[in-house]
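Chain and residue survey
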Amino acid sequence: MTRAMGAAMRRIHVGNALSAFGLGFTVPYLYVYVAQVRGLGAMTAGLVLAVFAVAALIVLPFAGRAIVRRGPLPVLLAALGTAALGALGLGLAGGATTVLLSAAALGAGQAVMQPALATMIVDCSTADTRSRSFAMQFFLQNLGLGVGGLIGGHLVDTTRVSSFTLLFAIEAAMFLLLVVVMATVRMPHSPRMEDAPAGSVRRGWKQLLGNRAMVQLSVLGFVLFFACYGQFESGLSAYGVEAAGISTSALGTALAANTLMIVVAQFVVLKFVERRRRSRVIAAVGLIWAVAWLAAGYAGLGHGSQETATAAFVSTYALFGLGEAMLSPTVAPLVADLAPEGMAGQYNSAFALVKQLALAVGPAVGGPMGASLHAPYVVTFLLFSLGITWLALRLGRRLTVAQDQPWAAAKSRVVARGAAEPVTVEA
């Protein structure tokens, strides 16, 4: 990695932390703000949360095309400006229409930030540094979300609209500050398609769908996000409260355990997974999450004490965090390595689209099951976790050595170059 790439990467990581901090600042309090503080009712609040997902699903296919044609930095700056307008609009909005339009702007901007930042990481890293770069991104995102949520929780007051207006104004300021920070980034030259005809970009989607390994990874990604992230704040929390009798304070402890596990274990885990086959690491995550669902099953369906059930439930979230720490330096770099030259933005956007679909479907399926069908809920997602292992091993058979074991491929290239060097013998 060159000095210029290192400087750009540092700004990108600052961007990841600031954007996560801004979102953690407000997103946990959106429902309360819309339904109670603004007095717009539970239905409007539910629509606001749905608009976030719908806006992301609408803009992501176009975001990939824009990143490929124009580069990730201009797309990121446009997304940040849109998100800032959405955040400020939410803080000032008093009616349902304005709230929904502002939520759409914030959701669209947030969705586009993810593949744009991921593509910038790809452009500013090498095969040797990419896993560590994505691990740092995930670490800073979780840290930013946690710190933002903690500070935001101390600033809000449901009896004062002005406290929420201040909250959203600070979030908008964070996005605008990030515009200033990212505008100074000097991106290294990478292949773009700005001079190519539009049809060539459309053919990029056909090429992506024709990439069997990428299609398999997308299916695997859907199951990963559906069975884990899609259950955190819906099905699993409902199951914990209804089946295991978990208190709201214990649920908060479980969420904190998840974040703490990621923050503590991320770089310890990185040293372990960097030299392993990516497909085997993902397969191992499936087994870890299967154990997590067994712990959840014991918490809600066992006949132990309330203290034991709470400990088992907290362990479930901690085990999920361990799996997440293993995935962060594995899945995102694999998406980048599967992308042809100049197409990383489209591949990142496609994978982000898969993630959003899973996050939309996961709560809709898991929420009702977790609240009322306790045993079927645990068994279903235990099987999904084992399915992750099966899908990962199946994907491994389709990956090249460079994609599944980049460290081994790099070592082979070094050995090959050494063997090819001519040996000179002095007379």
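Residues numbered from 1 in each chain as written. Predicted model: local features only at pLDDT ≥ 70, side-chain atom pairs only at ≥ 80, totals over all residues. Heavy atoms only, no water.

Attention now moves to the environment of Ser131. Among the secondary structure elements, Ser131 is positioned in helix H6 (residues 130-155). Owing to a relative accessible area of 12%, Ser131 belongs among the buried residues under this scheme. For the pair Ser131 and Val273, spaced 142 residues apart in sequence, the C-alpha to C-alpha distance is 9.2 Å. Dropping the residues within four chain positions of it, Ser131 is found in contact with Leu270, Arg278, Pro329 and Pro333. Polar contacts involving the side chain of Ser131 include one to the main-chain carbonyl oxygen of Pro329, which spans 3.1 Å. (Helix = DSSP H or I, 4+ residues; strand = E, 2+ residues; numbered from the N terminus. Buried < 20%, exposed > 50% of the residue type's maximum accessible area, 1.4 Å probe, protein only. Contact = heavy atoms within 4.5 Å. Polar contact = N/O pair within 3.5 Å; in protein donor to acceptor, adjacent residues only side chain to side chain.)

Another point: the nonpolar core. Judged by nonpolar contacts, the single largest core of 121 residues is most densely connected at Met182, Leu217, Leu220, Leu236, Trp289 and Phe313. Ignoring anything within four residues of it in the chain, the contact list for Leu236 reads Gln231, Trp293, Ala296, Phe313, Thr316, Tyr317, Phe320 and Tyr377. In terms of nonpolar packing, the next biggest core, distinct from the first, is built from 5 residues, Ala56, Leu60, Ala352 and Leu353 among them. (Core = buried A, V, L, I, M, F, W, Y, C linked by side-chain atoms within 4.5 Å.)

So, about the confidence of the model for the protein chain. Across the protein chain, the average pLDDT comes to 83, with 90% of residues at or above 70. In the predicted structure, residues 194-198 sits below a pLDDT of 50 and forms 5 contacts with residues beyond four places in sequence or in another chain. Confidence over residues 420-427 falls short of pLDDT 50; this stretch has 0 contacts with residues more than four positions distant or in other chains. (pLDDT = per-residue confidence, 0-100.)

On the surface, Arg212, Arg394, Arg397 and Arg398 cluster together into a positively charged patch. Residue placement: Arg398 occurs in the loop between helix H16 (374-396) and helix H17 (401-404). (Patch = residues over 30% accessible without salt bridge, like charges linked within 9 Å, V, L, I, M, F, W, Y side chains within 5 Å. Areas by Shrake-Rupley, 256 points an atom, 1.4 Å probe, with all protein chains shown as cover. Salt bridge = Lys/Arg side-chain N within 4 Å of Asp/Glu carboxyl O. Lys, Arg positive; Asp, Glu negative; His and termini not counted. Charge placed at Lys NZ, Arg CZ, Asp CG, Glu CD.)

To continue, consider a nonpolar patch on the surface. Taken together, the side chains of Leu143, Val147, Leu150, Ile151 and Leu155 present a nonpolar region at the surface, about 390 Å² in accessible area. Within the secondary structure layout, Leu155 lies in helix H6. Given a relative accessible area of 34%, Leu155 falls into the partly exposed group.

This part covers the packing of aromatic side chains. Aromatic ring pairs are defined here through the distance separating the ring centres and the angle between the ring planes. In this structure the tally under the stated criterion is 16 aromatic pairs. Relative to Phe381, the ring of Trp293 has its centre 5.3 Å away and its plane inclined at 25 degrees; by these criteria the two rings are stacked. Within this pair, whereas Trp293 is found in helix H12 (residues 278-301), its partner Phe381 is found in helix H16, the two being separated by 88 residues in sequence. For the pair Trp293 and Phe381, a shared accessibility class is recorded, and that class is buried. Members of the aromatic cluster, connected to one another through ring pairs, are Phe222, Phe226, Tyr239, Trp289, Trp293, Phe320, Tyr377, Phe381 and Phe384. (Phe/Tyr/Trp six-rings, centres within 6.5 Å; stacked < 30°, edge-to-face > 60°.)

Let's shift gears to the pattern of salt bridges. Taken as a whole and assessed by the stated rule, the structure comprises 4 salt bridges. A salt bridge links Asp404 to Arg277; the nearest nitrogen and oxygen atoms lie 2.9 Å apart. In this pair, Asp404 is assigned in helix H17 and Arg277 in the loop between helix H11 (248-273) and H12, connecting sequence segments 127 residues apart. Looking at Asp404, the relative accessible area reads 2%, which means it is buried. The exposure class assigned to Arg277 is partly exposed, which follows from its relative accessible area of 27%. Among the charged side chains, a network of salt bridges with common partners joins Arg130, Arg278 and Asp337.

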